[in-house]
Amino acid sequence: MSAASVQASVQASVQASVDAAVDSAVGAPVSGRLGDSPVRPDGVAKVQGSFAFSGDLSADGFLWGATLRSPHPYARIVSIDLSGAWAINGVEAVITADDVPGKPTYGLIDQDQPVFASEYVRYVGEPVAAVAANHPDTCRRALEAIRVEYEVLEPLIDPERCVDGSFPPIHPKGNVFRHQRIVRGDVDATGDVMVEATYEIGMQDQAFLGLEAALAIPDPGGEGVELYVATQWLHEDRHQIAACLDLPDEKVRLTLGGVGGAFGAREDISLQVHTCLLALRTGRPVRIAYSREESFLGHVHRHPARIWMRHHATSEGRIVKVEARIVMDGGAYASTSSAVLINAVTHVQGPYACENAVVDGWAVRTNHLPCGAMRGFGVVQACFAHESQMDRLAAACGLDPVEIRLRNAMQTGDRLITGQVIENVAPVRECILETAALPLPDEPVGGHDGDPMRLPGGAGLTADRSHIRRGIGWGVAIKNLMYSEGFDDYSTARVTLRDGVASLKFATAEVGQGFVTLAGQIARSVLGVDDVVLEPIDTTVGSAGSTSASRQTWMSGGAVDGACRLVREQLFAHVGAVHGVDPLRLAIAGRDVVDTMGDLRVPVAEATAGQVFEDTFEHHHRPTEELDENGQGNCHTAFAFVAHRAVVDVDPELGLVKVVQIATAQDVGRALNPLSVIGQIEGGIAQGVGLAVMEEIVQIDGRVRNANFTDYLLPTFLDMPDVVATLIEQPDPMAPLGAKGVGEPPCISSTPAVVAAIRDAIGKDLTRVPVRPSDIAF
Amino acid sequence: MSPTPDAGEIGADHVGTNQIYVLHVNGQDREVRDAWVGESLLYVLRERLGLMGSKGACEQGECGSCSVLVDDELVCGCLVLAATAVGQRIVTIEGIAPVGAPSDVQQAFVDAGAVQCGFCTPGLIMATHALLDRSPEPTEYEIREELSGNVCRCTGYGRIIDAVQRVAVARRGATSGGAS
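Residues numbered from 1 in each chain as written. Chains lettered and ligands numbered in written order. Predicted model: local features only at pLDDT ≥ 70, side-chain atom pairs only at ≥ 80, totals over all residues.

**A word on the overall build of chain A**
Part 1 of the reasoning: If you tally the helices and strands in chain A, you get 18 helices and 31 strands.
Part 2 of the reasoning: The C-alpha atoms of chain A give a radius of gyration of 27 Å, which matches the 28 Å a tight globule of 778 residues would have.
Part 3 of the reasoning: Referenced to the eigenvectors of the C-alpha coordinate spread, the extents of chain A come out at roughly 75 × 75 × 60 Å.
Part 4 of the reasoning: Burial statistics for chain A: of 778 residues in total, 62% are counted as buried.
Part 5 of the reasoning: Sequence-distant contacts in chain A: of pairs separated by 6 or more residues, those separated by 24 or more amount to 81%. (Helix = DSSP H or I, 4+ residues; strand = E, 2+ residues; numbered from the N terminus. Rg over C-alpha atoms; globule rule 2.2 N^0.38 Å. Buried ≥ 20, exposed ≤ 12 C-beta atoms within 10 Å, placed from the backbone. Contact = placed C-beta atoms within 7 Å.)

Take a look at the structure:
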């Protein structure tokens, strides 16, 4: 298959599914607009197995690529002997750091991560070399035949040794990625009540199902390269890849391969540069497809963190001062650690009003796996600490968990500990009260039918029903939306309206969240069309920014909306000129252009016949500021809020937990596609439950012990509780469509809610997630 | 399709089979030529027969993304050696319904919002068909138990359960409607 035919197949699969969706709407009333829940345009292709994920793409004459990785957390590379690999029949390329023609390193914020390690390896799994060959198994044998001599060094695995400076630098840029302090108000303020504790959060993996995979096709003569890849941010990838390849950006062309989930793990480069290098070196298309183990080693993870917090409050439970010390283990390379840290320190007060604060935070470099973006981005860690503290405070003040949170709930106009004023809709009270109003499960422990399978331990049949204890716990969260700290974040969309059909072009990475559905809804609503065509998602249009930070509904939604409005102005000018009506009088009603002050009514399809209206729009969010040395500044763009209530059954003898129900009310602004919103809520809660009771990458002495799905546990159908959800719809005037991003909040306070419920059930002081059976039983 | 090498090219230590074997896939006999005998059914379906609908996400039988039917039994394609499936009836996601004409289960997944990234979806469609063939009116708990070998990372499973229940209800309606 040639490059052109790959392109065609990607386009065809999108187009076919769009056609299918449109066909099913023929003859129906106008539907699929904002507020409806139309089906996904790629849905039929996905259920039939014909949707092309990045790992499904191939091209004529392609080679397989594979990566040799460090077996040591920290070591000096003494020598590398590639001759054994070259001797194997079928091997076409063997490359190392010496073969990187451009910048030897990459990274989203600080380019400190080598494409291939040259002098030192700094984590288990760091790429050292790559091969291209005719079969995956030939690749495997070639990797085994490469001889690397290492001088093994003592790894840095204790983040505190970065903070106190007692470990020699493991990288020329030192062992601290960033330190940020927040000081606000009266630092000596105290209250009648004081509670404190230290909390720990383990390393969570995004564990998307669609493993990293890419197909690179070199231009003739090696002057450029075409890359089909599953990523969250095409243009940023391109920029980093081009620098490493020593090519101009425009010579590196990216097309989104179907993305099998992301959750932050695809915001950083993984196999992109390697795939392109092998293709350019061999002059042939190259596919790389990671295994699950390699995926665990090959992408960034959620930062493990240790957080000490002390709350001072009045005897009525009103917070007087918050103190915190946060240390986040960023692993070997910077990735987005500095931004994750800022999210943690600026969200550690939680969704509660507070005048006084002293917060210190560090993100540090160790010889652990690199950490970066994962859904919730620093706020997950902070929320586990502040919500655990709220329950301590409630107990100290003799209040229940709901009352303590209501008394402190922040609202629009309140100042954060950064001095930033919350200008968004901030329905924290509503989130709590609406959640509290949702029904508790009506089933007793084990269910009405007494099936022992429903008890903690499930099919193991290990539980004695009479010993099972049920608990209820709460979590409430604030989450920033979009990018922070002065980054000029934007998204681009181009809309073409022709013969009653709107074509949308954007580089927004569809990772499963459903922007492809929403984009069509926006176009139908603004332009009065039924038929929407989605053009291929690639780098032939301006950047859309990253599919992260709960930002695409706001940012790319804003871009598509803006471009549609510009096109609609052209349409109205045209109809106005043809019919002698002031365009300002025209509006879209259903499928027609109508004169709001007269009788004119022209179908959009008729008005656009033989005409082409096209425009492009960049949506930029409002500017933000960097924090000063005291952590003061308007660093965030916008905020969303959510509350969770968890009900769990616990077997205190075996330490097993069954999460029975999660109730939630979420501040969504406006639900543009209610079914998609529910999908985000349920899916996010599953990841929050996972962090609460089962998900952790275990590293011992810098070595990963469970890089597979047998030992890294993901919630299954049987682990996932019923979710009862209410949407708090208060359209946000700052949001282009009134809608807030909804992806991250569900996984933030669901975790502390589950842990609080376990504490409620057994009375233990659980300060670490995931909660392990031994934490409960011993 | 992709030019996969023959066993000779892969290397001498792979006990070669230059023989041809035949897999019966989706009602058709498909020749597999010059394959290394160590290749899984998932690999052969995808890389040698071009049936890319079955997905690999863990390669150790934990996630169910590669679920296919072998002699009506739901199996993980990643755990079966392709060469051992000779003479058995293999049904993949491509054999469930013609392109553009989804089965009731497939359509219900689309309609119910049971699909996000879609990577787990083909395996879940296979597992759901198998479940409903065995047990036409499963309880919610039965659905959870029977589908628990298929991991989904996007949806939290709620909409998938809804999709399965929709199919069960619709089939029951169709049956009783036919009877009356």
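**Observations concerning the overall build of chain B**
Part 1 of the reasoning: Helix and strand counts for chain B come out as six helices and five strands.
Part 2 of the reasoning: The N-to-C order of helical and strand elements in chain B reads α-β-β-α-β-β-β-α-α-α-α.
Part 3 of the reasoning: Per-residue burial for chain B yields a buried fraction of 53% across its 180 residues.

**Some details on the confidence of the model for chain A**
Part 1 of the reasoning: For chain A, the mean per-residue pLDDT works out to 95, and 96% of the residues sit at or above 70.
Part 2 of the reasoning: Counting interchain partners and residues more than four positions distant, the pLDDT-below-50 stretch residues 1–29 of chain A has 45 contacts. (pLDDT = per-residue confidence, 0-100.)

**Here we look at the interface of chain A and chain B**
Part 1 of the reasoning: Counting residues at the interface gives 58 residues for chain A, matched by 50 residues for chain B.
Part 2 of the reasoning: At eight residues, the largest contribution of residues to the side of chain A that touches chain B is made by helix α16 (residues 674–693) of chain A.

**Describing the domain arrangement of chain A**
Residue and element names in this part refer to chain A.
Part 1 of the reasoning: Parsing chain A into structural domains produces domain 1 (3–55 + 490–620), domain 2 (61–154 + 213–261 + 266–291) and domain 3 (305–484 + 627–777).
Part 2 of the reasoning: The straight-line distance from the C-alpha centre of domain 2 to that of domain 3 is 37 Å.
Part 3 of the reasoning: Across the boundary between the two partners, domain 2 contributes 15 residues, which contact 17 residues of domain 3.
Part 4 of the reasoning: Across the side of domain 2 that touches domain 3, the residue classes tally to six nonpolar, three polar and six charged. (Domains from an automatic or database assignment. Nonpolar A, V, L, I, M, F, W, Y, C, P; charged D, E, K, R; others polar.)

**As for the sheet that holds strand β5 (residues 89–91) of chain B**
All names here are of chain B.
Part 1 of the reasoning: Judged by pairing direction, the sheet is mixed, and its five strands sit side by side in the order β2-β1-β5-β3-β4 without closing on themselves. Only two strands of the sheet have a single partner each, and these edge strands are β2 (28–33) and β4 (73–76). On average, adjacent strands in this sheet sit at an angle of 40° to one another, irrespective of strand direction.
Part 2 of the reasoning: Here strand β3 (residues 67–70) pairs with β5 via two bridges, running antiparallel. Pairing of leucine 69 across the sheet is with valine 91, part of β5.
Part 3 of the reasoning: Sitting on the sheet, helix α4 (residues 121–134) touches β3 and β4, and the angle it makes with β3 is about 45°. (Pairing = 2+ DSSP bridges. Axes fitted to C-alpha atoms, helices over the stretch in contact; angles between N-to-C directions.)

**Things to note about the domain arrangement of chain B**
Residues and elements named next belong to chain B.
Part 1 of the reasoning: Structurally, chain B comprises domain 1 (7–94) and domain 2 (104–175).
Part 2 of the reasoning: Its C-alpha centre places domain 1 at a distance of 25 Å from the equivalent point of domain 2.
Part 3 of the reasoning: Each partner contributes to the interface: domain 1 provides 13 residues, whereas domain 2 provides 11 residues.
Part 4 of the reasoning: Here the side of domain 1 that touches domain 2 takes three residues from β3, the largest share from any one element.
Part 5 of the reasoning: Class assignment for the residues of the side of domain 1 that touches domain 2 results in seven nonpolar, five polar and one charged.

**Quick notes on the pairing of strand β19 (residues 490–498) of chain A**
Residue and element names in this part refer to chain A.
Part 1 of the reasoning: Both β19 and strand β25 (residues 612–620) contribute to a ladder of nine bridges, which runs antiparallel. Within β25, the position partnered with serine 491 by the bridge is histidine 619.
Part 2 of the reasoning: Pairing geometry for β19 and strand β20 (residues 501–506), over six bridges, is antiparallel. Among the inter-strand pairings, leucine 497 is bridged to a residue of β20, identified as alanine 502.
Part 3 of the reasoning: Where β19 hands over to β20, the hairpin turn is made up of two residues, of which aspartate 499 adopts a positive phi near 50°.

**Quick word on the pairing of β2 of chain B**
Residue and element names in this part refer to chain B.
Part 1 of the reasoning: Sheet topology places strand β1 (residues 20–25) next to β2; six bridges connect them, and they run antiparallel. Paired with leucine 23 across the bridge in β2 is arginine 30.
Part 2 of the reasoning: Taking the residues between adjacent antiparallel strands as the criterion, β1 and β2 are bridged by two residues, where asparagine 26 takes a positive phi near 50°.

**Focus on the confidence of the model for chain B**
The predicted coordinates should not be examined in detail at positions where pLDDT is low.
Residues and elements named next belong to chain B.
Part 1 of the reasoning: Taken over all residues, the pLDDT of chain B has a mean of 90, while the share at 70 or more is 88%.
Part 2 of the reasoning: When the criterion is pLDDT under 50, residues 1–16 qualifies, and its contacts beyond four places in sequence or with other chains add up to 37 contacts.
Part 3 of the reasoning: For this predicted complex, the interface confidence comes out at an ipTM of 0.95, alongside a pTM of 0.95.

**Observations regarding helix α13 (residues 515–527) of chain A**
Part 1 of the reasoning: Between its terminal C-alpha atoms α13 of chain A stretches 18 Å, which fits the 18 Å expected from 13 residues at 1.5 Å a residue.
Part 2 of the reasoning: Positive backbone phi, approximately 70°, marks glycine 528 of chain A, located one or two places after α13 of chain A. (Expected span 1.5 Å × (residues − 1).)

**Description of the environment of proline 169 of chain A**
Residues and elements named next belong to chain A.
Part 1 of the reasoning: Relative to the elements of secondary structure, proline 169 occurs in the loop between α5 (160–163) and β9 (176–184).
Part 2 of the reasoning: Residue classification places proline 169 among the partly exposed positions, given that 13 C-beta atoms sit within 10 Å.
Part 3 of the reasoning: Between the alpha carbons of proline 169 and methionine 194 there is a distance of 38 Å; along the sequence they are 25 residues apart.
Part 4 of the reasoning: Excluding anything up to four places from it in sequence, proline 169 contacts Gly174 and Asn175.

**Considerations on unusual backbone geometry**
Part 1 of the reasoning: A cis amide bond links valine 769 of chain A to the next residue, proline 770 of chain A, at an omega of -5°.
Part 2 of the reasoning: Relative to the assigned elements, proline 770 of chain A resides in the loop between β31 (768–769) and α18 (773–777).
Part 3 of the reasoning: Notably, phenylalanine 377 of chain A is not glycine yet its phi reads approximately 45°, a positive angle.
Part 4 of the reasoning: Within the secondary structure layout, phenylalanine 377 of chain A lies in the loop between β17 (356–364) and α10 (379–397).
Part 5 of the reasoning: Non-glycine residue aspartate 71 of chain B carries a positive phi angle of around 50°.
Part 6 of the reasoning: If you trace the backbone, aspartate 71 of chain B turns up in the loop between β3 and β4.
Part 7 of the reasoning: Look at aspartate 71 of chain B and you get exposed, because 12 C-beta atoms sit within 10 Å.

**Points about the sheet that holds strand β8 (residues 147–152) of chain A**
All names here are of chain A.
Part 1 of the reasoning: Overall, antiparallel pairing links the three strands, which are arranged β6-β2-β8 in an open sheet. Of all strands in the sheet, those with a lone pairing partner are β6 (120–121) and β8, marking the two edges.
Part 2 of the reasoning: By the bridge criterion, two bridges tie strand β2 (residues 75–81) to β6 in an arrangement that is antiparallel. Residue pairing in the sheet places arginine 76 in a bridge with tyrosine 120 of β6.

**Observations concerning the packing of helix α3 (residues 104–112) of chain B against α4 of chain B**
Residues and elements named next belong to chain B.
Part 1 of the reasoning: Across the interface, α3 lies against α4 with an axial gap of 10 Å and an inter-helix angle of 130°. Overall, the two elements α3 and α4 adopt an arrangement that is oblique. Crossing geometry of α3 relative to α4 is assigned as right-handed. Contacts between α3 and α4 pair Val105, Gln106 and Phe109 from the former with Thr121, Ile125, Thr128 and His129 from the latter. (Parallel < 35°, antiparallel > 145°, perpendicular 65-115°, else oblique. Left-handed = near helix turned anticlockwise from the far one by under 90°.)

**A short note on the packing of helix α6 (residues 234–245) of chain A against helix α7 (residues 272–282) of chain A**
Residues and elements named next belong to chain A.
Part 1 of the reasoning: Relative to each other, α6 and α7 sit at 45°, their axes nearing to 10 Å. The angle between the axes of α6 and α7 places the two elements in the oblique class. Once α6 is placed against α7, the crossing between them reads as right-handed. Every residue of α7 that contacts α6 at Asp237, Ile241, Cys244 and Leu245 is listed here: Gln272, Val273, Cys276, Leu277 and Leu280.
Part 2 of the reasoning: Here the residues of the contact of α6 with α7 are counted per class, giving seven nonpolar, one polar and one charged.

**Section: α3 of chain B**
Part 1 of the reasoning: Where burial is concerned, most of α3 of chain B is hidden: seven out of the nine residues are buried.
Part 2 of the reasoning: Burial in α3 of chain B covers these residues: Val105, Gln106, Gln107, Ala108, Phe109, Val110 and Ala112 of chain B.

**Thoughts on the environment of glutamine 730 of chain A**
Residue and element names in this part refer to chain A.
Part 1 of the reasoning: Here glutamine 730 is to be found in the loop between β30 (722–728) and α17 (750–762).
Part 2 of the reasoning: Of the residues examined, glutamine 730 has 17 C-beta atoms within 10 Å and is grouped as partly exposed.
Part 3 of the reasoning: The sequence separation of glutamine 730 and arginine 161 amounts to 569 residues, and the corresponding C-alpha distance is 47 Å.
Part 4 of the reasoning: When residues no more than four places from it in sequence are discounted, the contact partners of glutamine 730 are Val425, Pro427 and Gly669.

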